[in-house]
Amino acid sequence: MTQTSRPARRSRPAKPQTPAAPRHPLLEQLAAWHPALFGEEPRPLKRGIYEDLLAAHGDAVKAEDLKAALALHTRSTRYLNAVGSGQPRRGLDGQVVEAVAPDQRHHALLEVHRRRQQRSSEDLRPQLQQRIARAFEQSGLGREAYAVLVRGRDEALNAVTEAALDEASARIAREAALLRAFEASGQDLAAFASGYGLAEDEARRMLERARQRR
């Protein structure tokens, strides 16, 4: 009996691989010298870190190699994630030196978003909006001052920023009003939260945030 030949299966095209980010060989040495800064979880670097590293290791590294290595490191997604999360800048001893400026944190968030969006079919703007809202609340700036400081050329991302600022501003106003009502109520926290339909822990967090802002 003659066997019916089966049609050959079509092979699926392989998904394009994202090329690995270039890594300067000097970064391995920097991680060995300063693991708290250049290790698996990089930390934002203080301004002037190039001069500090050159002073500390100038006999072992070339200035141009150090400059190139730092440029690659500070453009990496892992490093930008650290900046965007609001971690403080640190010196060679690992100690906190200063905060990351609000505009630098914001631009790090946008760059990480751009890179992730290029690799994803999902709309990642809602996650970006939440991160911007958090960065704004932690910046200590007013709404308009923050908006002017971080405004860029990409109108789509400017719109995400505006939406984040609206969301955060409304939450700040609600929590401030809640604190005023609580202080005027004379009630304990449990009774007050129940009257507003809030869980006690949630009400405590909202009131504490409002106190910190005040």
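I will try to describe carefully the structure that is included in this document. These numbers were taken from a predicted model, which means no experiment stands behind them.

Let's talk about the packing of helix α5 (residues 77-84) against helix α6 (residues 102-118)
Turning to step 1, where the next piece is worked out: Two elements in contact, α5 and α6, have axes separated by 8 Å at closest approach and are oriented at 135°. Classed by the angle they form, the pair α5 and α6 counts as oblique. Every pair of crossing elements has a handedness; the one defined by α5 and α6 is left-handed. For the pair α5 and α6, contact is made by Thr 77, Leu 80, Asn 81, Val 83 and Gly 84 and by Gln 104, Arg 105, Ala 108, Leu 109, Glu 111, Val 112, Arg 115 and Arg 116, respectively.
Turning to step 2, where the next piece is worked out: Classifying every residue of the contact of α5 with α6 by side-chain character gives 5 nonpolar, 4 polar and 4 charged.

Describing the packing of aromatic side chains
Turning to step 1, where the next piece is worked out: Within this structure, the stated rule accounts for 3 aromatic pairs.
Turning to step 2, where the next piece is worked out: Taking the centre distance of 5.1 Å and the plane angle of 65° together, the rings of Phe 182 and Phe 192 count as edge-to-face. You can see Phe 182 sitting in helix α9 (residues 155-185) and its partner Phe 192 sitting in helix α10 (residues 189-195), a full 10 residues away along the chain. Both residues of the pair, Phe 182 and Phe 192, belong to the buried class.

Considerations on the packing of helix α7 (residues 125-139) against α9
Turning to step 1, where the next piece is worked out: Closest axis-to-axis distance for the α7/α9 pair is 8 Å, and the angle between their directions is 55°. When the axes of α7 and α9 are compared, the pair comes out oblique. Two packed elements cross with a definite hand, and for α7 against α9 that hand is right-handed. Along the contact surface, α7 presents Arg 125, Leu 128, Gln 129, Ile 132, Ala 133, Phe 136 and Glu 137, while α9 presents Leu 157, Val 160, Thr 161, Ala 163, Ala 164, Leu 165, Glu 167, Ala 168, Ser 169, Arg 171 and Ile 172.
Turning to step 2, where the next piece is worked out: Across the contact of α7 with α9, the residue classes tally to 11 nonpolar, 3 polar and 4 charged.

Digging into the environment of Glu 208
Turning to step 1, where the next piece is worked out: Examined against the element boundaries, Glu 208 turns out to sit in helix α11 (residues 200-213).
Turning to step 2, where the next piece is worked out: Between the C-alpha atoms of Glu 208 and Glu 175, which are 33 residues apart in sequence, the distance is 9.1 Å.

Focus: α9
Turning to step 1, where the next piece is worked out: The end-to-end C-alpha distance of α9 is 45 Å, a good match for the 45 Å that 31 residues give at a rise of 1.5 Å each.
Turning to step 2, where the next piece is worked out: Buried residues of α9: Leu 157, Asn 158, Val 160, Thr 161, Ala 164, Leu 165, Ala 168, Glu 175, Leu 178, Leu 179 and Phe 182, and no others.
Turning to step 3, where the next piece is worked out: The inward-facing, buried residues of α9 abut α6, α7, α8 (143-150), α10 and α11.
Turning to step 4, where the next piece is worked out: The first or second residue beyond α9 is Gly 186, which carries a positive phi of 75°.

Digging into the nonpolar core
Turning to step 1, where the next piece is worked out: Counting 19 residues, the largest nonpolar core has Leu 26, Leu 30, Phe 38, Leu 45, Leu 53, Leu 66 and Leu 70 as its most contacted members.
Turning to step 2, where the next piece is worked out: For this core, the element with the most residues is helix α1 (residues 26-33), which contributes 4 residues.
Turning to step 3, where the next piece is worked out: Once you skip the residues sitting within four places of it in the chain, Phe 38 turns out to touch Leu 30, Ala 31, Leu 45, Leu 53, Leu 70 and His 73.
Turning to step 4, where the next piece is worked out: Residues Leu 128, Leu 157, Ala 164 and Leu 165 belong to the second largest nonpolar core, which totals 15 residues.

Observations regarding the pattern of salt bridges
Turning to step 1, where the next piece is worked out: Summed over the entire model, instances satisfying the criterion amount to 19 salt bridges.
Turning to step 2, where the next piece is worked out: A salt bridge links Glu 137 to Arg 213; its shortest N-O distance comes to 2.8 Å. Here Glu 137, found in helix α7, pairs with Arg 213, found in helix α11; they are 76 residues apart in sequence, far enough to count as distant.
Turning to step 3, where the next piece is worked out: On the basis of relative accessible area, Arg 213 is assigned to the partly exposed category, the value being 32%.
Turning to step 4, where the next piece is worked out: Each of Glu 137, Glu 167, Arg 171, Glu 175, Arg 209 and Arg 213 takes part in salt bridges that share partners, so that together they form one network.

Rules and cut-offs
Throughout, a residue's number is its position along its own chain's written sequence, starting from 1. The model is predicted, so local features are restricted to residues of pLDDT at least 70 and side-chain atom pairs to those at 80 or more, both for listing and for counting; the totals for chains, interfaces and linings are taken over all residues. Side-chain descriptors were evaluated using all non-hydrogen atoms of the structure, hydrogens and water having been removed beforehand. Whenever a helix is involved, its axis is fitted only over the stretch in contact; in every case the axis is a line through C-alpha atoms, and angles between N-to-C directions fall within 0 to 180 degrees. For the purposes of this entry, the term helix denotes a DSSP run of H or I that reaches at least four residues, the term strand denotes a run of E that reaches at least two, and both are numbered from the N terminus. Each angle gets one of four labels, with under 35 degrees taken as roughly parallel, over 145 as roughly antiparallel, 65 to 115 as roughly perpendicular, and the rest as oblique. Should the near helix be turned anticlockwise from the far one by less than a right angle, the crossing is left-handed, and should it be turned clockwise, the crossing is right-handed. The contact criterion used throughout is that any non-hydrogen atoms of two residues lie within 4.5 Å. Charged residues are taken to be Asp, Glu, Lys and Arg, nonpolar residues to be Ala, Val, Leu, Ile, Met, Phe, Trp, Tyr, Cys and Pro, and polar residues to be all remaining types, Gly included. A pair of aromatic rings is counted whenever rings of Phe, Tyr or Trp (Trp by its six-membered ring) have centres within 6.5 Å, and the orientation is called stacked for planes under 30 degrees apart, edge-to-face for over 60 and tilted otherwise. Only protein chains enter the accessibility calculation, which uses a 1.4 Å probe. A residue is then buried if its area is under 20% of the maximum for its type, exposed if over 50%, and partly exposed in between. For a helix, the expected span equals 1.5 Å multiplied by the residue count minus one. Only buried residues count toward a nonpolar core, which is a set of Ala, Val, Leu, Ile, Met, Phe, Trp, Tyr and Cys residues joined through side-chain atoms within 4.5 Å. For this document, the term salt bridge refers to a Lys or Arg side-chain nitrogen within 4 Å of an Asp or Glu carboxyl oxygen.

Purely geometric stuff here, so don't read any function into it on its own.
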